[in-house]
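Overview (structure and organization)
Given next are the chains, with one letter for each unit.
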Amino acid sequence: MDIIFKFGEHYYEAGDSSFWIQFILTVLGAFLGFGSALIFYYKKQKSDKEEEIKRQKTISQNKLKYHKLLIENLIKTTNNQIKSINEYIKEQKKDLLNVIPPKQVATNDFKRLVNINNEIFESLNTLNKDNTDWLEDLKKLHITTDYIEGVFSEIFRMTTNHLKDCYAKASDIKQKIELIPDRLSSFAFYLRKQLEEKRWDNDLYVFVDAAIKQYRVQIEAKADFNKINRDYLDPLLKTIVDNYQTEPFFEEVLFLAKNARVKMNDIEIDVENMISEMQQVKIELEKSVKRIEESIEKINNVL
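Conventions we followed
- Residues numbered from 1 in each chain as written.
- Predicted model: local features only at pLDDT ≥ 70, side-chain atom pairs only at ≥ 80, totals over all residues.
- Heavy atoms only, no water.
- Helix = DSSP H or I, 4+ residues; strand = E, 2+ residues; numbered from the N terminus.
- Buried < 20%, exposed > 50% of the residue type's maximum accessible area, 1.4 Å probe, protein only.
- Salt bridge = Lys/Arg side-chain N within 4 Å of Asp/Glu carboxyl O.
- Polar contact = N/O pair within 3.5 Å; in protein donor to acceptor, adjacent residues only side chain to side chain.
- Contact = heavy atoms within 4.5 Å.
- pLDDT = per-residue confidence, 0-100.

Residues other than glycine seldom take positive phi values, yet Glu196 does so here, at roughly 55 degrees. Considering the arrangement of structural elements, one finds Glu196 in the loop between helix H4 (134-195) and helix H5 (203-220). Residue classification places Glu196 among the exposed positions, given a relative accessible area of 54%.

Structure follows, in structure tokens:
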């Protein structure tokens with residue numbers, strides 16, 4: 001076969017067409033090889049991308065599962081605090097003068113939740129690119145958890161101040177009560193010098209001596225304020241007012257006893273106020289738990 005080029009020269013085929021056939025096959029093979037490699041490359045890219053999307057989705061789901069566990073634990077902790085408040089109210093109502101602190105439930109879940117806030121936002125955004133309804137629920141969840149954290153801090157503050165005030169009043173009561181037998185002992189010593197052996201025939205001396213001994217009985221029995229008030233201060237005041245109100249010496253004793261009882265009443269009022277405040281705290285925590293459960297249920301629908 002002769003090949004004539006446009007510029008007029010002739011090419012005379014030295015042999016058969018195998019060279020051209022080989023050439024064409026080589027080019028075609030190279031083209032097909034490149035095409036196959038290109039197709040394989042794009043398929044690999046697509047597969048890698050799908051695997052990465054799947055991996056990111058799994059990571060996001062695991063983060064949300066961890067977030068869910070923290071929220072569930074926070075709900076459990078809050079319910080335990082509510083239970084503790086109920087127990088405190090029940091026990092404290094039995095004796096308003098025996099001041100007891102409400103147990104405080106410790107937790108680090110608030111810090112853990114704060115540390116993963118951004119990750120949870122990114123995870124929810126990854127799983128819900130076309131839907132942002134979860135944003136409002138996440139916002140409500142954050143507001144509620146922040147509120148519960150504030151309530152926990154307020155419980156600590158309320159308890160600390162309450163105990164501090166009540167213990168200060170209790171210390172003052174104790175000091176005043178302890179002064180009463182001291183003053184009575186001084187009076188008894190005076191009467192003993194005045195009456196000598198006849199003192200046992202004197203009703204005033206017998207009363208003062210009995211009052212001193214009754215105080216010792218209360219101390220040995222480790223009596224609380226209720227018992228001291230009932231078995232010691234109340235009978236003491238009644239006898240003095242009924243029989244010895246004009247006796248000048250008893251003026252200080254009366255003042256100490258009455259003042260101690262006023263302070264006791266102050267403690268009872270403080271405790272009643274504390275009970276009322278803790279009842280309100282309990283109600284707010286119960287509402288917060290309900291709000292958290294509603295928000296997290298909607299958020300977890302993406303899992």
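Here we come to the pattern of salt bridges. Within the structure shown, the criterion is met by 13 salt bridges. For Asp231, the salt bridge goes to Arg230, with nearest N and O atoms at 3.4 Å. Owing to a relative accessible area of 48%, Arg230 belongs among the partly exposed residues under this scheme. Where salt bridges share partners, they join Asp172, Lys176 and Lys263 into one cluster.

Let's shift gears to the environment of Gln92. Mapped onto the elements of the fold, Gln92 is located in helix H1 (residues 18-94). Linking Gln92 and Pro102, residues 10 residues apart in sequence, is a C-alpha distance of 9.1 Å. Of note is the side chain of Gln92, whose polar atom sits 3.0 Å from the backbone oxygen of Asn98.

Among the secondary structure elements, Ala211 is positioned in helix H5. Along the chain, Ala211 and Ile180 lie 31 residues apart, while their C-alpha atoms are 9.4 Å from each other. If we skip the residues at most four places from it in the chain, Ala211 touches Leu184, Tyr232 and Leu236.

Let us now look at the confidence of the model for the protein chain. For the protein chain, per-residue confidence averages 83 on the pLDDT scale, and 81% of positions sit at 70 or higher. Below a pLDDT of 50 lies the segment residues 1-12, which in the model reaches 11 contacts outside its immediate sequence neighbourhood of four places, other chains included.

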